[in-house]
Amino acid sequence: MAKHNLLGAGGEALAAKWLEDKGFTLLHLNWRHSYYEVDIIASMENVLHFIEVKTRRNKKFGEPEESVDKKKIINLMKAGEEFQYQYPQWKRVQYDVLSISIQSGNAADYFFIEDVYL
């Protein structure tokens, strides 16, 4: 597996643990439909959260959340629409970004951006 794929998988595992520690119930990891993917689908207080996770080791290319562009948000929303079609019981939905910075020798730094929209 490529180094960046290992970082992404590790970041998603850290994200899952962090979200559970914050009180989220994890429903799906890496949920796919067609060519769309949602890193984490979780719930909290009757709200369904579609969460995009971005992880970086350094800031050479900026903060992790800066790589979540308009196209990625649109794809996240399309995946969310399909999920809601398959599971219509969810009435309250939110799209979020969880940014994780992993600096060598330091604890991971988490930045949770809630209710992202275009």
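Going by the structure above, here's the rest.
Here we summarise the structure given alongside this text. What you see is a predicted model, and the numbers here were worked out from it, not measured in a lab. (Residues numbered from 1 in each chain as written. Predicted model: local features only at pLDDT ≥ 70, side-chain atom pairs only at ≥ 80, totals over all residues. Heavy atoms only, no water.)

What about the pattern of salt bridges?
To keep things clear, this is the line we draw: Here, a salt bridge means any Lys or Arg side-chain nitrogen found within 4 Å of an Asp or Glu carboxyl oxygen. Helix and strand definitions follow DSSP, with helices as H or I runs of at least four residues and strands as E runs of at least two, each counted in order from the N terminus. The classification of residues rests on relative accessible area computed with a 1.4 Å probe and restricted to protein chains. Under 20% of the type maximum is buried, over 50% is exposed, and intermediate values are partly exposed.
Inspection of the entire model under this criterion finds five salt bridges. One salt bridge in this structure joins Lys17 and Asp21, with 2.9 Å as the shortest N-O distance. You can see Lys17 and its partner Asp21 sitting in helix α1 (residues 3-21), four residues apart, about one turn around the helix. Lys17 sits in the partly exposed class, given a relative accessible area of 49%. Residues joined in a network through salt bridges with shared partners are Glu52, Lys54 and Lys72.

Points about the packing of aromatic side chains
Heads up, the rule is: Pairs were defined over the aromatic rings of Phe, Tyr and Trp, the Trp ring being its six-membered one, requiring ring centres within 6.5 Å. Orientation was assigned from the angle between planes: stacked under 30 degrees, edge-to-face over 60, tilted for the rest.
On inspection of all chains with the given rule, the structure shows eight aromatic pairs. Seen from their ring centres, Phe24 and Phe112 are 5.9 Å apart, and the 85° between their planes marks the pair as edge-to-face. Taken together, the residues span a long stretch of sequence, with Phe24 in the loop between α1 and β1 (25-33) and Phe112 in strand β5 (residues 109-113) at a distance of 88 residues. Classification of Phe24 as buried rests on a relative accessible area of 8%.

Description of helix α2 (residues 70-86)
Heads up, the rule is: One fewer than the residue count of a helix, multiplied by 1.5 Å, yields its expected span. Residues count as neighbours in contact if any of their non-hydrogen atoms are within 4.5 Å of one another.
The first and last C-alpha atoms of α2 sit 25 Å apart over 17 residues, in line with the 24 Å expected at 1.5 Å per residue. Every buried residue of α2 is accounted for by Ile73, Asn75, Leu76, Ala79, Gly80, Glu82 and Phe83. Here the buried face of α2 lies against β1, β2 (36-44), β3 (47-56) and β4 (93-101).

Here's the deal with the side chain of Glu52
Locating Glu52 in the fold gives a position in strand β3. Excluding anything up to four places from it in sequence, Glu52 contacts Asp39, Val68, Lys72, Leu76, Asp96, Val97 and Leu98.

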